[in-house]
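Survey of secondary and tertiary structure
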Amino acid sequence: MKQAPLHVIDSHTEGEPTRVVVSGGPDLGLGPMAERAGIFREQHDWLRSAVCNEPRGHDAMVGALLCEPYEPDCCCGVIFFNNVSTLPMCIHGTIGLVVSLAHLGKITSGSHRIDTPVGVITADLRADGSVEVANVPSYRQAAGVSLEVPGWGTVTGDVAWGGNLCFLIDGQGPAVEFANLEALTAFAWLVRQEFGKQGVTGDGGVEIDHIEVFGPPADPALADSRNFVLCPGKAYDRSPCGTGTSAKLACLSASGKLRAGESWRQAGILDTVFACRFEDLPDGKIRPRVSGRAWVNGESRYHFHPSDPFRYGIPTHIQHTPSS
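Residue positions are counted from 1 within each chain, in the order its sequence is given. At least 70 in pLDDT is required for a residue's local features to be given in this predicted model, at least 80 for side-chain atom pairs to be given and counted, and no such filter applies to totals for whole chains, interfaces and linings, which use all residues. Side-chain metrics rest on all non-hydrogen atoms present in the structure, leaving aside hydrogens and water.

Comments concerning the overall build of the protein
A run of H or I in DSSP becomes a helix once it reaches four residues, and a run of E becomes a strand once it reaches two; helices and strands are each numbered from the N terminus. Scanning the protein from terminus to terminus reveals five helices and 17 strands. A radius of gyration in this sense is built from C-alpha atoms; the matching globule rule multiplies 2.2 Å by the number of residues raised to 0.38. For 324 residues, the compact-globule formula gives about 20 Å, and the C-alpha radius of gyration of the protein, at 19 Å, lands near that figure. Each principal axis of the C-alpha atoms in the protein carries an extent, and together these give about 55 × 45 × 35 Å. By the burial criterion, 53% of the 324 residues in the protein qualify as buried. Residue exposure ignores everything except the shown protein chains as possible cover, and the areas themselves are Shrake-Rupley values with a 1.4 Å probe. In the structure as shown, the protein presents an accessible area of about 13,400 Å², 52% of it carried by carbon and sulfur atoms. Partly exposed residues are those whose accessible area sits between 20% and 50% of the maximum for their type, while under 20% is buried and over 50% is exposed, using a 1.4 Å probe and protein chains only.

Listed below in structure tokens is the structure:
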């Protein structure tokens, strides 16, 4: 079967790229978004590879497959993915998606409900072009979790859910500065590997796949904290990481360091900032609200020539490809 071209919109959110697949993707059915994400992951990994892997993509690329929503009151559904697999949730990607939909004339300023594999979220597109995302309920799963990390000794942090499962380290490891990117990457990757070796997981065996290292901001007048976030595919997050920041808010709430309605300004490794706050939920969890900006910087059609050995991306693992 000849593969139809893909129509994609590129943007970046505070430095972190998002590539929205607008059309040309596979038929995943009309079931719940979590079910469709499973079909995408198991049967159509070629699309993830074609969009995020070289020669079209790179390790930091995050894709967003635009879908019809399952929930009837949503403007769209979305499945996020990166250089290794699907992602349960992605806030920077949501901000990029919203700005891309506005670029296409599909939405205007106001509040929009979006269906994701981990639940419905709300994105408010403001008149100034910024977007505030009301994330899925977030919470701290465990405080003071310690790991023995080669070369670093005992490393202690919190495990928290903010749409992805994160391990948050404060005041340990290399200084959180752009000049230390290689050292921070090596440190965070060691921590990630130790979780696997030591069999430490989140509730229900969920993999802890986002490693966050926190330090003081470059300018306390502009931010309350600066982070380095290592994503599941070993690329660092160029933005302050929305799901990681949601996890941070959950930990601050659980430890009594931040109350509902109070502001938190989270800088990323590039010193771009997400402005945040949260609401308390009746079950003890919080609903983070994360604000940032994205800019559309490209629009393309991807073609798949049968003679091109890398038309579905340069593979990093075994994947399913459509017949041609």
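Additional details are given in the paragraphs that follow.
Some words on the confidence of the model for the protein
Per-residue confidence from the predictor is reported as pLDDT, which spans 0 to 100. In this model, the protein carries an average pLDDT of 95, and 97% of its residues clear a pLDDT of 70 or more. Contacts are assigned to residue pairs that have any heavy atoms within 4.5 Å of one another. Across residues 318-324, confidence stays below pLDDT 50; counting only partners more than four residues off in sequence or on other chains, it has 19 contacts.

With respect to the packing of aromatic side chains
The pairing test for Phe, Tyr and Trp rings, Trp by its six-membered ring, is centres within 6.5 Å, and the orientation test on the planes gives stacked under 30 degrees, edge-to-face over 60, and tilted for anything in between. Under the definition given, this model contains seven aromatic pairs. Look at W46 and Y312: their rings are 5.4 Å apart centre to centre, the planes differ by 70°, and that puts the pair in the edge-to-face class. One end of the pair, W46, is in helix α2 (residues 45-52); the other, Y312, is in the segment after β17 (294-302), and 266 residues separate them in sequence. Of the two residues, W46 and Y312, neither departs from the other in class, the shared state being buried. Among the aromatic side chains, those forming a connected cluster through ring pairs are W46, F304 and Y312. Geometry around Y302 places R56 over its ring, the cationic atom sitting 5.0 Å from the centre. The ring of Y236 has R238 lying over it, and the distance from NZ or CZ to the ring centre is 3.8 Å. Whether a charge sits over a ring depends on NZ of Lys or CZ of Arg being within 6 Å of the ring centre and within 35 degrees of the ring normal.

Let's talk about the nonpolar core
Residues grouped as a nonpolar core are buried Ala, Val, Leu, Ile, Met, Phe, Trp, Tyr and Cys residues, joined through side-chain atoms within 4.5 Å. Ranked by internal contacts, the top residues of the largest apolar core, which has 60 residues, are L97, I114, V131, F167, V191, I211 and F228. Contacts of L97, omitting those with residues within four sequence positions, involve V20, L66, C76, V78 and I114. Ranked by size, the runner-up nonpolar core spans 20 residues in total, among them V8, L65, Y302 and Y312.

Here's the deal with the environment of N82
Here N82 lies in the loop between β4 (76-81) and β5 (86-87). A relative accessible area of 5% means that N82 is categorised as buried. In sequence terms N82 and R311 are 229 residues apart; their C-alpha atoms lie 17 Å from each other. Aside from chain neighbours lying at most four places away, what touches N82 is R48, C52, M61, V62, L87, P232 and G233.

Considering the packing of helix α1 (residues 33-43) against α2
Direction vectors running N to C along α1 and α2 enclose 80°, while the axes themselves pass 5 Å from each other. Classified by the interaxial angle, the pair formed by α1 and α2 is roughly perpendicular. Only D45, W46, L47 and R48 of α2 make contact with α1, whose side of the interface consists of F40, R41 and Q43. A breakdown of the residues in the contact of α1 with α2 according to their chemical character gives three nonpolar, one polar and three charged. The axes are straight lines fitted to the C-alpha atoms, using for helices just the contacting stretch, and the angles between their N-to-C directions are given from 0 to 180°. Note on angle classes: values under 35 degrees are labelled roughly parallel, values over 145 roughly antiparallel, values of 65 to 115 roughly perpendicular, and the remainder oblique. For this classification, Asp, Glu, Lys and Arg are treated as charged, while Ala, Val, Leu, Ile, Met, Phe, Trp, Tyr, Cys and Pro are nonpolar and the rest, including Gly, are polar.

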